[in-house]
Amino acid sequence: MNNAVNDGVWSGSWVAERLGVGLVGDDALPALLGLALRRNPKRAHLLVSNVLGKHVPQSPAVVYDHGFRLGRRAAALLGADDAGAAVVLGYAETATGLGHAVADGLGAVPYLHSTRRPVPGVAPAGGFEESHSHATSHLLLPEDPGLLAGDGPLVLVDDEFSTGNTVLNTIRDLHQRYPRRRYVVVALIDMRSAEDSGRLERFARETGARVDLVAAASGTVLLPERVLEKGQELVARYESAGGGPSAAPQPGTVTRVGLGWPAGLPDGGRHGFTPAHRVRLEAALPAMAGRVRDALPAGARRVLVLGFEELMYAPLRLARELEQGVDAEVRFSTTTRSPVLAVDDPGYAIRTRLVFPAHDDPADGPGERYAYNVAGAGFDAVVAVVDSAADTPALHAPDGLLARLAAHVPHVLLAVVPSYVPHAPERPVMLPEPLRGPAFSSYAPEEVGWLLQDLSDVTLEAPTEEREEAIQSGGAHYAESLPVEYQPSEQYQQLFHAALDASAARLARAVGVVTETVVTERSPRPVLVSLARAGTPVGILMRRWARFRHGLELPHYAVSIVRGRGIDANALRWLADRHDPRDVVFVDGWTGKGAISRELSEAIGEFERKEGVTGFDPEIAVLADPGSCVRTYGTREDFLIPSACLNSTVSGLISRTVLRADLVGPHDFHGAKFYRELAGADVSVAFLDAVSARFPEVADGVDSAVKELLAADRTPTWAGWRAVERISEEYGIHDVNLVKPGVGETTRVLLRRVPWKILARAGAGTDLDHVRLLAEQRGVPVEEVGDLPYTCVGLIHPRYTRGATGADGKAVNV
């Protein structure tokens, strides 16, 4: 059975004659490719490579040299400097060995291939879809999370470049995380249409990155009308007639051979393969091939080295070394997950098929696997090379791969390569479980778990004016101390309760809208993660709505995020260890100018780069988005959220969070205090109960509002940020951090900072009663403004010194 041409017949002629499929392009195409029929509802035909070493047994020197030469061409295209900085990425399962050979040809560069085998303890650094494949999902699992984070060229290697969808999906996914200026796509054959070529060019223009293509040959597949239906009809007809070799099989022997694989050397590029790994492999290959040679039966004239699915490179290199050291004809191919029809005809690329069950506990469950063109090919011996994860009872079962091979080949040798599993980085300290009430906070323990450390016994409070001076002078960060907790007067407490009575239904409606949006768009079972502390009451209300409307008991945690310092990375590690990051939804009370949205996005990006953990979505879900900074919100109106009126006494008696080097170590959560002594003034649970009591009456309105919202354009306009920049310049502040827009942020200014003045929208009503009262108590002027996009804006005293405050502690206008 010849590889490319059988008795002068092209191995694609059978399909071409029956389906009208044709190849147009380079003269080399018929030698490189045959045709077969897929058992796949997405695509009728299969381009069968004669030089890949997957479906068609081929000389290992031919297989390796095709990839190596493509690597040399990519190196010449890139130039010495760029070639030396490149990273090569191959595609599972078909191009794992090809990609590795390309990396060898490129030079001393690292190599990684995608995988469809999740590995416990190894966090994905990315993933993408291969839409036409029988198994679509790819994972990227580098041991070194920084492997893909550089800015050197990325060389992507696949066996065929048919539509470009897989490559585009990959580049889109990785370019969002690790943008770079240059990509090179390498393939044995480029079979794209003109339309597909144009899409790649448009993508390059859109991203500003250069995308080059290197291929051994190019052309186009001509597909007639109804080719998919006709192909399925052919498959059904020939499968019902049976397939496989006509000769009666004779049972052979199975012998295990030890390779002496070097300890700790990766079996391939699933977790990355470095130039240092290649040096070790090159040194060990002669001895390993010698052990296989010595185990072969005397007189063997035709030997197949059979790799295993994604494990292509190690058996390919063994086969190439063996080919150079024995008189026998050595061929190389691998088993595969790809279902293809077998037809024993010289004009068809897949003459025979061995079928056996999966034997490596695959993530997608049990199923059939295949070895093509092995039975009936006249092999005297087959050397089956698998990794240790696949050396299972299913491999040795009566219907397993070894038995199937032994039924058609006199001698079967089994060589096992140790499966490489990266060592997870050690954590010096195990992260603790979340703090819960009543030991920490006045909330019920099931309502929220605080990913914080308790600093209740540490004196952290400083007078407001002293803190302001230190913050503005650069002598301290605002998160290094706490303001003295504001103790509301009886008049102010009455205002809070009046505001709560007036707005409870409005709040309940916003809670329902944002929760339904999250459940519909983000995750059917979200893990709510509130940004402490303003987000915590909102997260609890969202949790209560999910239970009220859907019977869901959602996990809910509170974490610390600090402007200029980012989110608590240890809290993210804890969450990633216990939940799927894709289910995590970050929650906050409201947006002002959107600074925290930007802070969270940058922090998540930094965490991904350092930790290699992906999946966290930095989009915040908020009750109110007056600044138009997010897509997930309950309302964009700027109205009074009563929880903004108070500090800890409406937030479970928890302080704002603290991040100070002498208190928070590298393996600690950020800190906070529990003000147990304020229990007499605590309205935290009363606030939650007042709002959740209104859930039944707003439920129908929520349903209508959510339908309208999901159909609307919710793209953030960042109008609030622009307004803040304008106000900062108009009032001579020249620092957007001192401009706090919206009712909630203005209230915080009056409670925690040294306010300079309050801007109020002309005609604003009772939503500002508490603001006016606080401003009067602190001697802060309230200035009405006609075109204010927010209900109000609080301005922190610019260039603050304690001389700007009178003896009574009230602000002095300068």
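This is a predicted model, so every value here is computed, not measured.

1. Some thoughts on the sheet that holds strand β28 (residues 584–590)
Here six strands make up an open sheet; going across it, the order is β20-β25-β24-β28-β29-β30 and the pairing parallel. The open sheet is flanked by β20 (449–450) and β30 (632–635), the only strands paired with a single partner. Packed on one face of the sheet, helix α16 (residues 569–578) meets β24 (527–531), β25 (556–559) and β28 and runs near 160 degrees to β25.

2. Here's the deal with the layout of surface pockets
Of the pockets and cavities examined, the second largest pocket occupies roughly 380 Å³. Counting only elements with at least two residues in the lining of the second largest pocket, the list comes to β27 (566–567), α16 and α17 (595–611). If one sorts the elements of the lining of the second largest pocket by residue count, α17 sits on top with five residues. Here the lining of the second largest pocket is composed, by residue class, of eight nonpolar, four polar and seven charged.

3. Describing the nonpolar core
Core analysis: the biggest nonpolar cluster contains 132 residues, and Leu37, Leu106, Val155, Val186, Tyr348 and Leu405 have the highest contact counts within it. Considering every element that reaches this core, the biggest residue donor is strand β11 (residues 182–190), with seven residues. The residues touching Val155, leaving out its near neighbours within four places in the chain, are Leu78, Ala86, Val87, Val88, Leu89, Val102, Leu106, Val184 and Val186. In this structure, Phe440, Val448, Leu541 and Phe586 belong to the second largest nonpolar core, which totals 96 residues.

4. Concerning the side chain of Arg38
With respect to the element layout, Arg38 can be found in the loop between β4 (33–37) and β5 (45–49). Within the buried core, Arg38 has no salt-bridge partner, and the shortest N-O distance to an opposite charge, that of Glu160, equals 5.2 Å. Among the polar contacts listed, one links the side chain of Arg38 to the backbone oxygen of His45, at a separation of 2.9 Å.

5. Description of the sheet that holds strand β34 (residues 782–785)
Strand order in the open sheet made by the four strands is β32-β35-β33-β34, with mixed pairing throughout. At either end of the open sheet lies a strand with only one pairing partner, and these are β32 (739–741) and β34. Looking at each pair of strands side by side, their axes are set apart by 20 degrees on average, direction ignored. Note that β32 and strand β35 (residues 792–796) share three bridges and pair antiparallel. When the bridges of β35 are listed, Lys740 appears paired with Gly794. Sitting on the sheet, helix α20 (residues 719–730) touches β32, β33 (755–761) and β35, and the angle it makes with β32 is about 140 degrees.

6. Quick word on the pattern of salt bridges
Across all of its chains, the model carries 37 salt bridges by this definition. Across the salt bridge formed by Arg192 and Asp190, the nearest N and O atoms sit 3.0 Å from each other. When its relative accessible area of 12% is taken as the criterion, Asp190 is described as buried. Where Arg270 meets Asp267, a salt bridge forms, and the shortest distance between an N and an O atom there is 3.9 Å. Residue classification places Arg270 among the buried positions, given a relative accessible area of 9%. You can call Asp267 buried: its relative accessible area is 8%. The structure contains a network of salt bridges with shared partners spanning Asp82, Arg181, Arg182, Arg210 and Asp212.

7. Side note on the confidence of the model for the protein chain
Note: predicted coordinates in regions of low pLDDT should not be interpreted at a detailed level. The predicted model of the protein chain averages 85 in pLDDT, with 89% of residues at 70 or higher. Confidence over residues 1–5 falls short of pLDDT 50; this stretch has 17 contacts with residues more than four positions distant or in other chains. Counted against residues more than four places away or in other chains, residues 243–249, with its pLDDT under 50, gives six contacts.

8. Some points on the packing of helix α9 (residues 275–295) against helix α10 (residues 313–325)
Two elements in contact, α9 and α10, have axes separated by 9 Å at closest approach and are oriented at 65 degrees. Considered as vectors, α9 and α10 are oriented roughly perpendicular to each other. In this structure, α9 meets α10 at a crossing whose hand is right-handed. Residues Leu281, Glu282, Leu285, Pro286, Met288, Ala289, Val292 and Arg293 of α9 lie in contact with α10, whose contacting residues are Tyr313, Arg317, Leu318, Glu321, Leu322 and Gly325. In terms of residue class, the contact of α9 with α10 is built from nine nonpolar, one polar and four charged.

9. With respect to the pairing of β25
Neither face of β25 is left uncovered, since the one carrying His556 and Ala558 and the one carrying Tyr557 and Val559 both have all their residues buried. One ladder, built from two bridges, connects β20 with β25; its direction is parallel. What sits directly across from Gly449, in β25, is Tyr557. Bridging between β24 and β25 involves four bridges; their strand directions are parallel. If you follow Leu528 over to β25, its bridge partner there is His556.

10. Some details on α9
Spanning 21 residues, α9 covers 30 Å between terminal C-alpha atoms, matching the ideal 30 Å at 1.5 Å per step. At Leu285, α9 shows its largest bend, some 40 degrees, and a proline, Pro286, comes one to four positions later. Within α9, burial applies to His277, Leu281, Ala284, Leu285, Met288, Ala289, Gly290 and Val292. Tucked into the core, α9 has its buried residues touching α10, β18 (381–387) and β19 (411–417).

11. Concerning the packing of aromatic side chains
Inspection of the entire model under this criterion finds 13 aromatic pairs. Taking the centre distance of 6.4 Å and the plane angle of 10 degrees together, the rings of Tyr443 and Trp450 count as stacked. One aromatic cluster in this structure is built from Phe440, Tyr443, Trp450 and Phe674. Looking at Arg317, its charged tip hangs above the ring of Tyr64, at a distance of 4.9 Å from the centre. It is Lys757 that lies over the ring of Trp756; its NZ or CZ is 4.6 Å from the centre.

12. A look at the pairing of β24
Two faces belong to every sheet, and in a regular strand the side chains alternate between them. Taking burial as the measure, the five residues of β24 include five buried ones, the bulk of the element. Taking every second residue as pointing to the same face, both faces of β24 are buried, with Val527, Val529 and Leu531 on one and Leu528 and Ser530 on the other. When β24 meets β28, the two strands line up parallel, connected through four bridges. When the bridges of β28 are listed, Val527 appears paired with Val584. The parallel pair β24 and β25, bridged by helix α15 (residues 535–550), forms a crossover whose chirality is right-handed.

13. What about the environment of Ala621?
Summarising the element assignment, Ala621 is placed in strand β29 (residues 620–624). Here the alpha-carbon distance between Ala621 and Gly535, two residues 86 residues apart in the chain, equals 9.5 Å. Excluding anything up to four places from it in sequence, Ala621 contacts Val514, Val518, Val585, Phe586, Val587, Asp588 and Thr632.

14. So, unusual backbone geometry
With omega at 0 degrees, the peptide bond leading from Gly437 into Pro438 counts as cis. On the secondary structure map, Pro438 appears in the loop between β19 and β20. For the bond running from Ala532 to Arg533, omega is 0 degrees, close enough to zero to count as cis. Its location among the elements puts Arg533 in the loop between β24 and α15. At Ser628, a position not held by glycine, the phi torsion is positive, near 50 degrees. Its place among the elements puts Ser628 in the loop between β29 and β30. When its relative accessible area of 7% is taken as the criterion, Ser628 is described as buried. Residue Leu653 is not a glycine yet carries a positive backbone phi of 65 degrees.

15. A word on the packing of helix α6 (residues 165–177) against helix α7 (residues 194–207)
Packing of α6 against α7 leaves a shortest axis separation of 11 Å and a crossing angle of 10 degrees. On the basis of their axis angle, the class for α6 and α7 is roughly parallel. Residues Asn165, Leu168, Ile171, Arg172 and His175 of α6 form the contact with α7, whose own contacting residues are Arg199, Leu200, Phe203 and Thr207. The residue inventory of the contact of α6 with α7, partitioned by class, reads four nonpolar, three polar and two charged.

Conventions we followed
Residues numbered from 1 in each chain as written. Predicted model: local features only at pLDDT ≥ 70, side-chain atom pairs only at ≥ 80, totals over all residues. Heavy atoms only, no water. Pairing = 2+ DSSP bridges. Helix = DSSP H or I, 4+ residues; strand = E, 2+ residues; numbered from the N terminus. Contact = heavy atoms within 4.5 Å. Axes fitted to C-alpha atoms, helices over the stretch in contact; angles between N-to-C directions. 1 Å grid on protein atoms, 1.4 Å probe; cavity = no way out; pocket = protein on both sides within 12 Å on 5 of 7 lines; lining within 4 Å. Points joined across faces, edges and corners; volume = space filled by probe spheres on them. Nonpolar A, V, L, I, M, F, W, Y, C, P; charged D, E, K, R; others polar. Core = buried A, V, L, I, M, F, W, Y, C linked by side-chain atoms within 4.5 Å. Buried < 20%, exposed > 50% of the residue type's maximum accessible area, 1.4 Å probe, protein only. Lys, Arg positive; Asp, Glu negative; His and termini not counted. Salt bridge = Lys/Arg side-chain N within 4 Å of Asp/Glu carboxyl O. Polar contact = N/O pair within 3.5 Å; in protein donor to acceptor, adjacent residues only side chain to side chain. pLDDT = per-residue confidence, 0-100. Parallel < 35°, antiparallel > 145°, perpendicular 65-115°, else oblique. Left-handed = near helix turned anticlockwise from the far one by under 90°. Expected span 1.5 Å × (residues − 1). Bend = angle between axes of the 7 residues up to and from the residue. Phe/Tyr/Trp six-rings, centres within 6.5 Å; stacked < 30°, edge-to-face > 60°. Lys NZ or Arg CZ within 6 Å of the ring centre and 35° of its normal. Right-handed = clockwise from strand over helix to strand, strands pointing away.

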